[in-house]
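# Fold and geometry: a report
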Amino acid sequence: MADSSLSSRPFGTLVTAMVTPFTADGEVDFEATAFLANKLVEDGCDGLVISGTTGETSTLEDSEKEDLFRVVAQTVGGRAKVIAGTGTNHTSHSVEMAKRAERAGADGQLVVTPYYNKPTQAGVIAHFDAVSAASDLPIMIYDIPGRAGIPIATETMFRLAENPKVLALKDAKADFAAVTRVLANTTLDVYAGDDGLTLPWMVAGAAGVVSVSAHVATRAFRALVDAAAAGDFDKARRIHFELDPVVRAVMTHIPGAISAKQILKMQGVIPNAAVRLPLVAPDAIEMEAVLADLAEAGWDFSQDKA
């Protein structure tokens, strides 16, 4: 079980970007959601992102998101940080979701760069300022240009770090030089947004990781984060290498929401691996690639369990 001392940071240190379990007919499965949240915390997570990208936020209704925030807060509140994925590319919509998250009992919010619109950096700042003003929830900014279409410039991060409600950055642009500047020039807690970069980011001083692969290897990621935080880099490096094929299985062949659900189902954690369109179940060739990586990690799953 996660030690409460690990949650001294506003967003925790090992944060899983949680999938949203669905029933076979595509409805949100709140019972499975509560079970998964509890298991992740029992196995070592001290933070959970609800309705983020991996939670299929783009195909969830606002009411479903608010209910998810509430269910998870009621299930693990006080034992782990409940971080609501509130960001959209529509500022007033993001403001409304921030209010809903606060009402539902979330501890903080993950706010992504406004995607598709490609705003200027001034527009990015104005967006985050508007969302921060909408509630008392602290903000973790999510910089992921591969999905948003634009990066958040390092100088913009310096500006955003002056906002007292902006406490953290989830970096998913794999720019070590930019992360170094943010760590050196701000007080933000920085989180690796790419599972495989947890160790190098933490060597430079990052707080931890917001992970998809931690769904299926929670205890190993907990050990990695703890070893890195303690400066035991020999142990951290060993775990990093052991996790590499698991991270590849989850993150490189199909979207993480799909692969994580497939593996969680094979592990017996969730009852099915249903996703909502436009995501679809993997085909046989895609699953073969996932299973081959897991086999490299020493995990033995047969195809008929998928």
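Residues numbered from 1 in each chain as written. Predicted model: local features only at pLDDT ≥ 70, side-chain atom pairs only at ≥ 80, totals over all residues. Heavy atoms only, no water.

For clarity, the cut-off: UniProt positions are given in the numbering used here, feature names are shortened, and annotations may be inferred rather than shown by experiment.
You'll find the protein chain entered in an unreviewed UniProt entry as 4-hydroxy-tetrahydrodipicolinate synthase, with Arthrobacter caoxuetaonis given as the organism. Turning to the protein chain, the UniProt annotation filed under Function (unreviewed entry) states: "Catalyzes the condensation of (S)-aspartate-beta-semialdehyde [(S)-ASA] and pyruvate to 4-hydroxy-tetrahydrodipicolinate (HTPA)." Quoted verbatim from the Sequence similarities (unreviewed entry) heading of the UniProt record, the comment on the protein chain is "Belongs to the DapA family."

## With respect to the UniProt feature "active site" (unreviewed entry) in the protein chain
Note the threshold: A cavity, in this analysis, means grid points on a 1 Å lattice covering only the protein atoms where a 1.4 Å probe fits yet has no way out; a pocket is instead an open set bounded by protein on both sides within 12 Å along at least five of seven lines, and a residue lines either one if it has an atom within 4 Å of a point. For this analysis, residues touch if any pair of their heavy atoms sits within 4.5 Å. For the purposes of these results, a polar contact is taken to be a pair of N or O atoms within 3.5 Å, where, inside protein, one atom must be able to donate a hydrogen and its partner to accept one; residues adjacent in sequence count only when each atom of the pair is a side-chain atom.
As annotated in UniProt, the feature "active site" (unreviewed entry) corresponds to Y142 and K170 in the numbering used here. The largest pairwise C-alpha distance within this set of annotated residues, which runs over 29 residues, is 4.8 Å, so the set is compact in three dimensions. Within the annotated group, the residues that form the lining of the largest pocket are Y142 and K170. When residues no more than four places from it in sequence are discounted, the contact partners of Y142 are T53, L110, V111, V112, T113, K170 and A172. Beyond its immediate sequence surroundings of up to four residues, K170 is in contact with L110, M140, I141, Y142, D143, Y191, G193 and V210. Of note is the side chain of K170, whose polar atom sits 3.4 Å from the side chain of Y142.

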